Amino acid sequence: MYKILEYELIKVLSYMKLLMNKKNLIKLYSQLDLPFQETKQLYLKEIFKTLESKFDLQKNSTQFFIDLGSGSGQVIIYCALNYGIRSIGVEIDPILIKEAKYSIRLLKKSNYAKKKVLGKITLISGDFFELNLKDYDFIYIFSLPTMQKYLRHVFQTIKSGAIIISHRHPFRNFKGCLDLKFKLEHEGDNQEATTYFYNKL
Ligand SMILES: C[S@@+](CC[C@H](N)C(=O)[O-])C[C@H]1O[C@@H](n2cnc3c(N)ncnc32)[C@H](O)[C@@H]1O
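Residues numbered from 1 in each chain as written. Predicted model: local features only at pLDDT ≥ 70, side-chain atom pairs only at ≥ 80, totals over all residues.

*Asks:* Please clarify how the site of the ligand should be interpreted in this entry.
*Replies:* Around the ligand, the surrounding shell holds 21 residues, and the nearest of these are Glu38, Thr39, Gly69, Gly71 and Ile92. Taken together, the elements giving at least two residues each to the shell around the ligand come down to helix H4 (74–83) and strand E2 (86–91). Broken down by class, the residue content of the shell around the ligand amounts to nine nonpolar, seven polar and five charged. (Near = placed C-beta within 6 Å. Helix = DSSP H or I, 4+ residues; strand = E, 2+ residues; numbered from the N terminus. Nonpolar A, V, L, I, M, F, W, Y, C, P; charged D, E, K, R; others polar.)

Have a look at this one:
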């Protein structure tokens, strides 16, 4: 009971911190539209296979992957376990950060994966609107169009040639910044979804 209250308090305090900055108000409003929802595991497998076959994702390389809004951490965990590259997750909700850390701890304890591989995962508790993405080769996002329009300044920091993967929603009005390279149409579970792969110009 006390633990739940503590979590709720941490969440309220982190949102209050955001609200103290006027500029953040509009962004925060756009975020309210984005409930936590996971990319389906079936889709994840297809997305990473596409990155490997079409976009030069190399296992155990020095490439960098980031998930903007990493939720429970499942995308970065999948990336580290299956591809052995540095996998970073940025998440604004401190409870989801705790959940992701807990999953990683369980994996470490269960010896399911080598500690060295799990050590490639980094979780950042923070706001992806504040990031500089110059070091990343693969940038994953599962967000809403309402938020995407505020991401232009963040995307300007991405190095030319990096791959941006947007699950479910295409980017609009990013001409001169992003070039759509591939559309992956998923099927299954009676629901269809699309993932969009862009090249940073
Ligand atoms: C649709 S979920 C996707 C979760 C995960 N990437 C996946 O695909 O399974 C979007 C996540 O973005 C987080 N989020 C929303 N706004 C954010 C921001 N400004 N900075 C960091 N994370 C944010 C939400 O809390 C939520 O967990």
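*Asks:* Is there a simple way to explain H4 in this structure?
*Replies:* An α-helical turn contains 3.6 residues, so any two residues separated by three or four positions project in the same direction. Along H4, the residues that are buried comprise Val75, Ile76, Ile77, Cys79, Ala80 and Tyr83. A positive backbone phi angle near 65 degrees is found at glycine 84, which sits one or two residues after H4. (Buried ≥ 20, exposed ≤ 12 C-beta atoms within 10 Å, placed from the backbone.)

*Asks:* When you look at the pairing of strand E1 (residues 64–68) in this model, what are you seeing that I'm missing?
*Replies:* Consecutive side chains along a regular strand alternate between the two faces of the sheet. The buried count for E1 comes to four of five residues, which makes it a mostly enclosed element. Alignment of E1 against E2, held across five bridges, turns out to be parallel. Counted as the bridge partner of isoleucine 66 is isoleucine 88 from E2. Once the chain exits E1 it traverses H4 before rejoining the sheet at E2, and the crossover so formed is right-handed. Pairing analysis gives four bridges linking E1 to strand E4 (residues 138–141), with the strands arranged parallel. Residue pairing across strands places leucine 68 opposite isoleucine 141, the latter belonging to E4. (Pairing = 2+ DSSP bridges. Right-handed = clockwise from strand over helix to strand, strands pointing away.)

*Asks:* Would you mind going over the pairing of E2 with me for this structure?
*Replies:* Among the six residues of E2, six are classified as buried, and the element is accordingly described as predominantly covered. Judged by which residues are buried, E2 turns out to be covered on both faces: Arg86, Ile88 and Val90 on one side and Ser87, Gly89 and Glu91 on the other are all buried. Both E2 and strand E3 (residues 121–125) contribute to a ladder of five bridges, which runs parallel. Within the sheet, the bridge partner assigned to isoleucine 88 lies in E3 and is threonine 122.

*Asks:* I tried to follow the nonpolar core on my own but got confused; where do I start?
*Replies:* Within the largest apolar cluster, 42 residues are counted, with the highest numbers of intra-cluster contacts made by Ile66, Phe138, Ile139, Tyr140, Ile163, Ile164 and Ile165. Of all the elements, H4 adds the most residues to this core, at six residues. Sequence-distant contacts of tyrosine 140, defined by excluding residues within four places in its chain, comprise Phe65, Ile66, Asp67, Leu68, Val75 and Ile165. (Core = buried A, V, L, I, M, F, W, Y, C linked by C-beta atoms within 7 Å. Contact = placed C-beta atoms within 7 Å.)

*Asks:* Which parts of the structure should I look at to understand the environment of alanine 113?
*Replies:* Counting through the fold element by element, alanine 113 comes out in the loop between helix H5 (94–110) and helix H6 (115–118). Overall, alanine 113 belongs to the partly exposed group, with 16 C-beta atoms counted inside 10 Å. C-alpha of alanine 113 to C-alpha of alanine 80: the two residues are 33 residues apart in sequence and 9.8 Å apart in space. The residues touching alanine 113, leaving out its near neighbours within four places in the chain, are Leu81, Leu107 and Leu118.

*Asks:* It is not clear to me how the environment of lysine 175 should be interpreted in this structure. Could you clarify?
*Replies:* By the element assignment, lysine 175 lies in the loop between strand E5 (163–167) and strand E6 (178–186). According to the C-beta neighbour criterion, lysine 175 is exposed, with 9 such atoms within 10 Å. Each C-alpha atom, one on lysine 175 and one on leucine 201, is 9.4 Å from the other, the two residues being 26 residues apart in sequence.

*Asks:* How do you make sense of H5 when you look at a structure like this?
*Replies:* With 17 residues, H5 ought to run about 24 Å at 1.5 Å a step, and its terminal C-alpha atoms sit 24 Å apart, in line with that. Taken together, the buried positions of H5 are Leu96, Ile97 and Ala100. Projected onto a plane normal to the axis of H5, the buried residues spread over an arc of 110 degrees and lie on a single side. Seen from the buried face of H5, the exposed residues on the opposite side, beyond 90 degrees, are Tyr102, Arg105, Leu106, Lys109 and Ser110. On its buried face, H5 sits against E2 and E3. One or two steps after H5, the chain reaches asparagine 111, where phi turns positive at roughly 55 degrees. (Expected span 1.5 Å × (residues − 1). Arc of directions from axis to C-beta.)

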